[in-house]
Amino acid sequence: MAKPTPLQFRNLLVALLAAAGFVWSIVTGLPWWVSAIVGCAGVLSLASAYLNRPGADG
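This is a predicted model, so every value here is computed, not measured.

Describe a nonpolar patch on the surface, with residues and values.
A cluster of nonpolar side chains, contributed by Phe-9, Leu-13, Leu-16 and Leu-17, occupies part of the molecular surface with about 450 Å² of accessible area. With respect to the helices and strands, the residue Leu-17 is situated in helix α1 (residues 6–28). Overall, Leu-17 belongs to the exposed group, its relative accessible area being 57%.

Right, here's the structure in full:
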């Protein structure tokens, strides 16, 4: 398995923090749109980590 690039590592860290923020927003009962925004941030971070993987130049 290839070593993650610094950009991938940052994106995975942000996705992990967004997942924690999503769970926290659900548990504390924040409005649904806050949870949706945080959830979208996590999905976009995962997508960015995938697209920036080594050898993905196409």
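Explain α1 to me, and be specific about the residues and the numbers.
The end-to-end C-alpha distance of α1 is 33 Å, a good match for the 33 Å that 23 residues give at a rise of 1.5 Å each. Of the positions making up α1, those classed as buried are Gln-8, Asn-11, Ala-15, Ala-18 and Ser-25. Check the buried side of α1 and you find it contacts α2 (32–51). Gly-29 sits one or two residues past α1 and shows a positive phi near 80 degrees.

I'd like a description of the side chain of Gln-8, backed by residues and values.
Tracing the sequence through the fold places Gln-8 in helix α1. Assessed through its relative accessible area of 11%, Gln-8 is described here as buried. Looking at Gln-8, its side chain comes within polar contact range of the main-chain oxygen of Ala-49, at 3.0 Å. Gln-8 has contacts with Ala-49, Asn-52, Arg-53 and Pro-54, leaving out every residue within four places of it along the chain.

With reference to specific residues and values, describe the environment of Ser-35.
By secondary structure assignment, the location of Ser-35 is in helix α2. A relative accessible area of 5% places Ser-35 in the buried class. Spatially, the C-alpha atoms of Ser-35 and Ala-18 are 9.7 Å apart, while their sequence positions differ by 17 residues. Apart from the residues lying within four places of it in its own chain, the contact partners of Ser-35 are Phe-22, Ser-25 and Ile-26. For Ser-35, the side chain forms a polar contact with the side chain of Ser-25, separated by 2.9 Å.

How would you explain the environment of Gly-39 if you had to name every residue and give the values?
Here Gly-39 is to be found in helix α2. Classification of Gly-39 as partly exposed rests on a relative accessible area of 22%. Along the chain, Gly-39 and Ser-25 lie 14 residues apart, while their C-alpha atoms are 9.9 Å from each other.

Calculation notes
- Residues numbered from 1 in each chain as written.
- Predicted model: local features only at pLDDT ≥ 70, side-chain atom pairs only at ≥ 80, totals over all residues.
- Heavy atoms only, no water.
- Patch = residues over 30% accessible without salt bridge, like charges linked within 9 Å, V, L, I, M, F, W, Y side chains within 5 Å.
- Areas by Shrake-Rupley, 256 points an atom, 1.4 Å probe, with all protein chains shown as cover.
- Salt bridge = Lys/Arg side-chain N within 4 Å of Asp/Glu carboxyl O.
- Helix = DSSP H or I, 4+ residues; strand = E, 2+ residues; numbered from the N terminus.
- Buried < 20%, exposed > 50% of the residue type's maximum accessible area, 1.4 Å probe, protein only.
- Expected span 1.5 Å × (residues − 1).
- Contact = heavy atoms within 4.5 Å.
- Polar contact = N/O pair within 3.5 Å; in protein donor to acceptor, adjacent residues only side chain to side chain.

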